[in-house]
Amino acid sequence: MEKKNNKKIVIGAVVLAALLVVFAAVYFMNKPTAGAGAKDITLEVTGSDGVTSDYSLSTDAEYLREAMDELSENGSGFSYEGSDGEYGVMVEVVNGERASYAEDGAYWALYVNGEYGQYGCDSQPVADGDTYSWKYEQAQ
Amino acid sequence: MNKLSSTNTDTLSKSKNRFSTLDVARIGLMIAVIEVSKFALSAFPNVELTSFWLIMFTLFFGWKVVILVPAFILVEGAVYGVHLWWIMYLYVWPLLVFLTWLFRRTESVWFWAFLSGIFGLCFGGLCSLTYFVIGASAGGVSAGIKSAFTWWIAGIPWDFVHCAGNFLFMMVLYRPIKYAFKRIS
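Residues numbered from 1 in each chain as written. Chains lettered and ligands numbered in written order. Predicted model: local features only at pLDDT ≥ 70, side-chain atom pairs only at ≥ 80, totals over all residues.

**A few points about the sheet that holds strand β1 (residues 39-46) of chain A**
Residues and elements named next belong to chain A. Selection criterion: By definition, two strands form a pair when at least two bridges between them are found by DSSP. Numbering goes from the N terminus for both helices and strands, where a helix is a DSSP run of H or I of at least four residues and a strand is a run of E of at least two. The contact criterion used here is simple: two residues whose C-beta atoms, placed from the backbone, lie within 7 Å are in contact. Geometry is summarised by axes, namely lines fitted to C-alpha atoms with helices restricted to the contacting stretch, and by angles between N-to-C directions that run from 0 to 180 degrees.
Spatial ordering of the open sheet is given by β2-β1-β8-β6-β7, a layout of five strands whose pairing is mixed. Since the sheet does not close on itself, it has two edges, and those belong to β2 (52-59) and β7 (115-116), each with one partner. Across eight bridges, β1 lies against β2 in antiparallel orientation. By the bridge assignment for β2, Glu 44 is matched with Asp 54. Lying over the sheet, helix α2 (residues 64-73) contacts β1, β2 and β8 (131-138), oriented at roughly 105° with respect to β2.

**As for the interface of chain B and chain A**
Going by this rule: Classification convention: Asp, Glu, Lys, Arg as charged; Ala, Val, Leu, Ile, Met, Phe, Trp, Tyr, Cys, Pro as nonpolar; all other residues, Gly among them, as polar.
Tallying the contact residues gives 19 residues for chain B and 18 residues for chain A. In the side of chain B that touches chain A, the residues fall into 11 nonpolar, six polar and two charged.

**Here's the deal with the packing of helix α5 (residues 84-102) of chain B against helix α6 (residues 109-184) of chain B**
Geometry of a packed helix pair, given as the angle between the helix axes and the separation of the axes. All names here are of chain B. Here is the rule we go by: The sense of a crossing depends on the near helix, which, turned anticlockwise from the far helix by less than a right angle, makes the crossing left-handed and, turned clockwise, makes it right-handed.
As a packed pair, α5 and α6 sit with axes 10 Å apart at the nearest point and diverge in direction by 145°. Judged by the sense of rotation from one axis to the other, the crossing of α5 with α6 is right-handed. Between α5, through Leu 84, Ile 87, Met 88, Val 92, Leu 96 and Leu 99, and α6, the contact on the second element is made entirely by Leu 115, Phe 119, Phe 123, Leu 126, Cys 127 and Thr 130. Taken together, the residues of the contact of α5 with α6 sort by class into 11 nonpolar, one polar and no charged.

**What to know about the sheet that holds strand β5 (residues 97-98) of chain A**
All names here are of chain A. Strand order in the open sheet formed by three strands is β3-β4-β5, with antiparallel pairing between adjacent strands. At either margin of the open sheet sits one strand with a lone partner, and together these are β3 (80-85) and β5. In terms of strand pairing, β3 meets strand β4 (residues 88-94) through six bridges, oriented antiparallel. Within β4, the position partnered with Gly 85 by the bridge is Gly 88.

**Concerning the pairing of β8(A)**
Residue and element names in this part refer to chain A. Relative to β8, β1 is paired through five bridges, and the arrangement is parallel. Each bridged residue has a counterpart across the sheet, and for Val 45 the counterpart in β8 is Trp 134. As paired strands, strand β6 (residues 106-112) and β8 are joined by seven bridges and run antiparallel to one another. The residue of β8 that forms the bridge with Ala 106 is Gln 138.

**Considering α6(B)**
Counted only if it meets this: Under the convention used throughout, the expected extent of a helix is 1.5 Å for every residue step, that is, one less than its residue count. The angle between axes fitted to the seven residues ending at a residue and the seven residues starting there is what we call the bend at that residue.
Between the first and last C-alpha of α6(B) there are merely 20 Å, a value that for 76 residues lags more than 12% behind the 112 Å anticipated at 1.5 Å per step. Of all the bends in α6(B), the greatest, near 145°, is centred on Gly139(B).

**Here we look at the environment of Asn166(B)**
As for its position among the elements, Asn166(B) is in helix α6. Separated by 116 residues in sequence, Asn166(B) and Thr50(B) have C-alpha atoms that sit 9.1 Å apart.

**Section: the nonpolar core**
Selection criterion: Among buried residues, those of type Ala, Val, Leu, Ile, Met, Phe, Trp, Tyr and Cys that are joined through C-beta atoms within 7 Å form a set called a nonpolar core. Partly exposed residues are those falling between the two cut-offs: more than 12 but fewer than 20 other C-beta atoms within 10 Å of their own, whereas 20 or more means buried and 12 or fewer means exposed, with C-beta atoms placed from the backbone.
Phe52(B), Trp53(B), Ile55(B), Phe57(B), Leu68(B), Trp112(B) and Met170(B) are the most contacted members of the largest nonpolar core, which has 36 residues in total. For this core, the element with the highest residue contribution is α6(B), accounting for 15 residues. Apart from residues lying up to four places away in sequence, Met170(B) is in contact with Phe52(B), Val109(B), Trp112(B), Ala113(B) and Ser116(B). The next biggest cluster of nonpolar side chains, apart from the first, holds 18 residues, and it includes Ile41(A), Val45(A), Ala67(A) and Val91(A).

**Some words on the confidence of the model for chain B**
Residue and element names in this part refer to chain B. To keep things clear, this is the line we draw: For every residue, the predictor reports its confidence as pLDDT, a number between 0 and 100.
When the pLDDT values of chain B are averaged, the result is 87; 90% of them are 70 or greater. Within chain B, the lowest mean pLDDT, 46, falls on helix α1 (residues 3-17), and the highest, 94, falls on helix α3 (residues 50-61). Counting contacts from residues 1-14, a segment whose pLDDT is below 50, to residues more than four positions away or on other chains yields one contact. Note on the complex model: pTM 0.66, ipTM 0.81.

What follows is the structure, given as structure tokens:
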């Protein structure tokens, strides 16, 4: 019984160690990365009324949230608020308009060059020439 | 064997094969323990005692835990609302209980710490299956794989936290809780 237990412990330790190495390797090979340097980007905001506002920015930001912070601090008129959670910032208010999923199923959706974003704004890499769009959307 | 001990054995074997009032009360208490632990640790992302309790309850309660898991998932949905994570719970927690049940005769704290750690590490990967279904339903299998993969990758650092938390909780709490369970059983 003791021998059997020891075998299971060794197998458990090996499996855990192997998974830790594999997961770390997969993460570092695939994590969102961005290059530093001057990048010209466009940020669009489409509110619940369908009106779109454009903001242009030259930035060294690596991730979109830093670029949004720059925009909100340089007097462009862009502003946002959000709450930090397990998977990064959850944007709740853009340009003063709140999207509340709990109340009416509304949320701020992030698009990158017209495609639905795969990351939150604090892990979305900023690339030269990209257009990032915040759109007020409602769940069907 | 005298008549009295024979009757006791019959009662015990019957109670092992069906739910008694005590079992129902215990299930309620177990769910309460999980929910309170979860709420107490809600400030620490991916640090949870649910895995620990489900493993211990399965070891202590045996097959009757099949009622505990759906009841716990229902309570979770009722308290926090039914969202995507709730769909993930439908298969993630039963999988942990099933794995625990498979290895139920193992009594090593190290083994359970490794199993709990592995489960925490794989939690994001398991949950990403839901994103595969969503992505695949919208844009085919490749879109499903992309959705699941990017979601899993983004959460891997938190899976490491989950793994460490599960491992440490099991190492620290396994023996005292096992001792307590033996006293009340």
